[in-house]
Amino acid sequence: MASLDLDWEEVREQLRAWREDNTRHSEEVIDMWEYCLKHYKHKLGDERWMVEEQVVVAGLDSYRLDIAEHSLVALNEQFPGSLRVRKLKGMRLEALERFDEAMDVYDSIIRQDETNSTARKRKVAVLRGQGRIADAIKELTEYLKIFMSDGEAWQELCDLYLKEGDYSKAAFCMEELILTNPHNHLYYTRYAEIKYTQGGLDNMEIARSYFCQAAKLNPGNVRALYGLFLSCTQVSSSTKCSAQKKKETQQLATWALKEIADRYSKCRTNAMDGSKILETFGSLSITEKA
Amino acid sequence: MSGDISLTCTTLAKMMLHAARYPQSAVSGVVLAQARGGDTTSNTVALVDTVPLFHLQLSLAPMLEVALTQIEQRYKSEGLVIAGYYQANEHIKDNVPDFVALKIAEKIAENNNDACLIMIDNKKLCLNLQSAPVIVSQLTSEGKWKSKEKASVHVEAGSLDVISQLLQHKVQHDLIDFDNHLDDLTCDWSNPHIDKLLTTLTAAAQD
């Protein structure tokens, strides 16, 4: 790629937006830095150092260690002795797979500052990076005993439990998240998916309620609608379901399917149109899981 | 069950693009083959296409059920069936199928004796492919997954070059999987644009 035809101020805005959203666009950050913003770094003022930090992380992520190290050196000169910069040095060691040394760096940060949460979380990342999922879970559980309101950590723990197949503990993590974020439809959806996967009539009914709530919070959530349809079908085909409940649940299932078909029709997509959806799922006879 | 496996360029390409698009996550998907219409002459399982499924959470059931149902329905008219499952693990050195891969592959095997379980060999995925970075397994009569010899797995001629080109040009960013579709219904998980691109490239390669 030659040079990007971008206004450096636009690039600065974009990087700032990505920093604030905390989203991962490592390749693009590197490209934007290398082919544009690097040449204007002296115009960035104080923001320069946040951008350099962003570039270090992006560089480590895309294995552009040359770029990452350059920015790391600049940050080290500007902020000698900084723990925030020291964490980046630890991350560099992680990228080089020198995991034990990275752990030492993070331990040294924690010794100097007991309240430092990012170093503790990096330790979990090192363990995950080494494939030591059980150890990562242990470390993260210890972390959450101290920093129990860290939503990002609960999400990570849920992820780790799902990797281990421990659905009930993963569900517990989502419960914590829902308690602190009762309006986040994504948490409801994820919780319902876990409950559905666990199976059994009780879990299926819980899944149905949570998919329902997710769809209520965000009618555009297609996973919630599909999940609602599936869980309703499961519940109503259960032998333990009463006739009255069966009727209500089936009505809910039909409603959910119609909503999905509507969404597809609105999209005018070639993939699947609304009527196909009704046809595909309408005839779905689910094996009894409830 | 003791026969060879062949993969078309499309099949392998979409798998590689999927893995390359989400280097930090595990990814999964299914592979398709022609339905066995009583053709017992060929012992080779020919995998002709791939549908990339997930990159967010591979172990959750509901969306998997939705995906499998839609895929079966869509390809029924073309005489294609789901013939296997592929997965690329999160960790670069890890190419061992986990409980998720085994469970889903077994489910597919219930309907299809020749079902394949394909693990992507992450370490071999690069910009200049020397060999197909896949480990293909099938069920033995004892119900265990056994990986096929490298010699039994055939890839369409010229595939590695074509796929290397795609990776060099970062085509993976255009690949759509089922997770993308669920987030935005206009995204087509059958990736017709990739199919088109592949047709052009393979034709050019044959010139």
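The numbering scheme is per chain: residues are counted from 1 as the chain's sequence reads. To label them, take the chains in the order written and letter them from A, then take the ligands in the order written and number them from 1. Local features in this predicted model are restricted to residues whose pLDDT is 70 or higher, and side-chain atom pairs enter the listing and the counts only when it is 80 or higher, whereas totals over whole chains, interfaces and linings include all residues. Where side-chain values are given, they derive from all heavy atoms of the structure, hydrogens and water being excluded.

*Asks:* I would appreciate a short explanation of helix α7 (residues 117-129) of chain A in the present structure.
*Replies:* At 3.6 residues per turn, the α-helix brings residues three or four places apart onto the same side. All names here are of chain A. In this description a helix means any DSSP run of H or I spanning at least four residues, a strand means any run of E spanning at least two, and both kinds are numbered starting from the N terminus. In this analysis, the expected span of each helix is defined as 1.5 Å times one less than the number of residues it contains. Compared with an ideal rise of 1.5 Å per residue, which puts 13 residues at 18 Å, α7 spans 18 Å between its outermost C-alpha atoms and is within 8% of the ideal. Where α7 is concerned, the buried positions are A119, R120, K123, V124, V126, L127 and R128. In this description, contact between two residues means that some pair of their heavy atoms is separated by no more than 4.5 Å. Summarising the contacts, the buried residues of α7 are in contact with α5 (83-95), α6 (99-112), α8 (133-146) and α9 (151-164). Two residues or fewer past α7, G131 is found with a positive phi of approximately 80°. To sort residues, take the accessible area from a 1.4 Å probe on protein chains only and compare it with the maximum for the residue type: under 20% means buried, over 50% means exposed, and anything in between is partly exposed.

*Asks:* Got a minute to help me understand the packing of helix α4 (residues 159-168) of chain B against helix α6 (residues 192-206) of chain B in this structure?
*Replies:* Angle between the axes and distance between the axes are the two parameters that describe a pair of packed helices. Residues and elements named next belong to chain B. Between α4 and α6, whose axes approach to 10 Å, the crossing angle comes to 125°. Of the possible angle classes, the one that applies to α4 and α6 is oblique. Considering the relative orientation of α4 and α6, their crossing is right-handed. Facing α4, whose interface residues are V162, Q165 and L166, α6 presents L197, L198, L201 and T202. Along the lines of polarity and charge, the residues of the contact of α4 with α6 split into 5 nonpolar, 2 polar and no charged. Only the stretch in contact is used when fitting a helix axis, every axis being a line fitted to C-alpha atoms; angles between N-to-C directions are given from 0 to 180 degrees. Here the word oblique covers every angle except those under 35 degrees (roughly parallel), over 145 (roughly antiparallel) and from 65 to 115 (roughly perpendicular). Rotating anticlockwise by less than a right angle from the far helix to the near helix defines a left-handed crossing, while the corresponding clockwise rotation defines a right-handed one. The residue classification treats Ala, Val, Leu, Ile, Met, Phe, Trp, Tyr, Cys and Pro as nonpolar and Asp, Glu, Lys and Arg as charged. All others, Gly included, are polar.

*Asks:* Honestly, the packing of aromatic side chains in this entry has me stumped. Any pointers?
*Replies:* Residue and element names in this part refer to chain B. Centres within 6.5 Å make a pair out of two Phe, Tyr or Trp rings, where for Trp the six-membered ring is used; the pair is then stacked when the planes are under 30 degrees apart, edge-to-face when over 60, and tilted otherwise. Counting across every chain of the model gives 9 aromatic pairs over all chains. Judged by centre distance (6.0 Å) and plane angle (45°), the ring pair of F178 and W189 falls under tilted. Note that F178 is positioned in helix α5 (residues 178-183) and W189 in the loop between α5 and α6, a separation of 11 residues in sequence. This pair shows no difference in class: F178 is buried, exactly as W189 is. An aromatic cluster is present here, built from F54, Y75, F178 and W189 joined pairwise through their rings. Whether a charge sits over a ring depends on NZ of Lys or CZ of Arg being within 6 Å of the ring centre and within 35 degrees of the ring normal. The positively charged end of R74 is found above the aromatic ring belonging to W189, 4.5 Å away from the centroid.

*Asks:* Looking at this structure, how should I read the UniProt feature "repeat: TPR" (unreviewed entry) in chain A?
*Replies:* UniProt positions are given in the numbering used here, feature names are shortened, and annotations may be inferred rather than shown by experiment. The feature "repeat: TPR" (unreviewed entry), as annotated in UniProt, sits at residues 151-184 of chain A in this numbering. The span residues 151-184 of chain A is 82% helix and 0% strand, and its two end C-alpha atoms sit 12 Å from each other.

*Asks:* Help me understand the interface of chain A and chain B in this model?
*Replies:* Each partner contributes residues to the interface: chain A has 38 residues there, and chain B has 27 residues. When two parts are brought into contact, each loses some accessible area as probed by a 1.4 Å sphere; the total of that loss over both is the buried area. Between chain A and chain B lies a buried interface of about 2900 Å² when both sides are counted; carbon and sulfur atoms form 57% of it. The rule for a salt bridge is simple: a side-chain nitrogen of Lys or Arg has to be within 4 Å of a carboxyl oxygen of Asp or Glu. Between chain A and chain B we count 6 salt bridges in total. Between K163(A) and E90(B) there is a salt bridge, with the nearest N and O atoms lying 3.8 Å from each other. Mapped by element, the contributors of at least two residues to the side of chain A that touches chain B are α2 (26-35), α7, α9, α11 (185-198), α13 (222-236), α14 (243-267) and α15 (274-282) of chain A.

*Asks:* For this particular structure, what's the right way to read the nonpolar core?
*Replies:* For soluble globular proteins, nonpolar side chains are generally found buried alongside one another. Among buried residues, the Ala, Val, Leu, Ile, Met, Phe, Trp, Tyr and Cys ones that are joined through side-chain atoms within 4.5 Å form a nonpolar core. I194(A), Y226(A), L53(B) and I71(B) are the most contacted members of the largest nonpolar core, which totals 107 residues. Every residue in contact with I194(A), bar those within four places of it in the chain, is listed here: C158(A), L162(A), Y167(A), A170(A), A171(A), M174(A) and L60(B). Formed by 36 residues, the second largest nonpolar core is a distinct cluster that contains C9(B), M16(B), L17(B) and A83(B).

*Asks:* Even after reading the chapter, I still don't get the UniProt feature "domain: EMC2 TPR-like" (unreviewed entry) in chain A, so can you show me in this structure?
*Replies:* According to UniProt, the "domain: EMC2 TPR-like" (unreviewed entry) feature falls on residues 87-195 of chain A. Across residues 87-195 of chain A, helical content stands at 82% and strand content at 0%; the span's end C-alpha atoms are separated by 37 Å.

*Asks:* Explain helix α3 (residues 47-61) of chain A here, please?
*Replies:* Residues and elements named next belong to chain A. With 15 residues, α3 extends 21 Å between its outermost C-alpha atoms, agreeing within 8% with the 21 Å of an ideal straight helix rising 1.5 Å per residue. For α3, a buried count of 12 out of 15 residues is recorded, marking the element as mostly surrounded by other parts of the structure. Among the residues of α3, E47, R48, W49, V51, E52, E53, Q54, V55, V56, A58, G59 and L60 are the ones counted as buried. Buried positions along α3 lie against α1 (8-21), α2, α4 (65-78) and α5. Where α3 terminates, the next one or two residues include Y63, which has phi positive at roughly 55°.

*Asks:* Explain the state of the cysteines to me, please; I cannot follow it from the model alone.
*Replies:* Here is the idea: a disulfide is a covalent bond, and it sits between the sulfur atoms of two cysteines. The rule for a disulfide is simple: a pair of cysteine sulfur atoms within 2.5 Å. Applying the stated criterion across every chain yields a total of 0 disulfides over all chains. You can see C241(A) has no disulfide; the closest cysteine sulfur is in C232(A), sitting 10.0 Å from it. The thiol sulfur of C187(B) is not disulfide-bonded, and the nearest other cysteine sulfur, from C267(A), lies at 9.3 Å. On the basis of relative accessible area, C187(B) is assigned to the buried category, the value being 17%.

*Asks:* Whenever I open this one, the pattern of salt bridges confuses me. Can you help?
*Replies:* Once the charged atoms of two side chains with opposite charge are near each other, the side chains can pair. What the rule picks out here adds up to 34 salt bridges over all chains. Taking the shortest distance from any N to any O, the salt bridge between E97(A) and K93(B) comes out at 3.2 Å. Separated into two different chains, E97(A) in the loop between α5 and α6 and K93(B) in the loop between β4 (80-88) and α3 (99-111) make up a pair that spans both. Relative accessible area serves as the criterion here: at 47%, E97(A) is assigned to the partly exposed category. If you follow the salt bridges from partner to partner, you end up with R12(A), E13(A), R16(A), R19(A) and E47(A) in one network.

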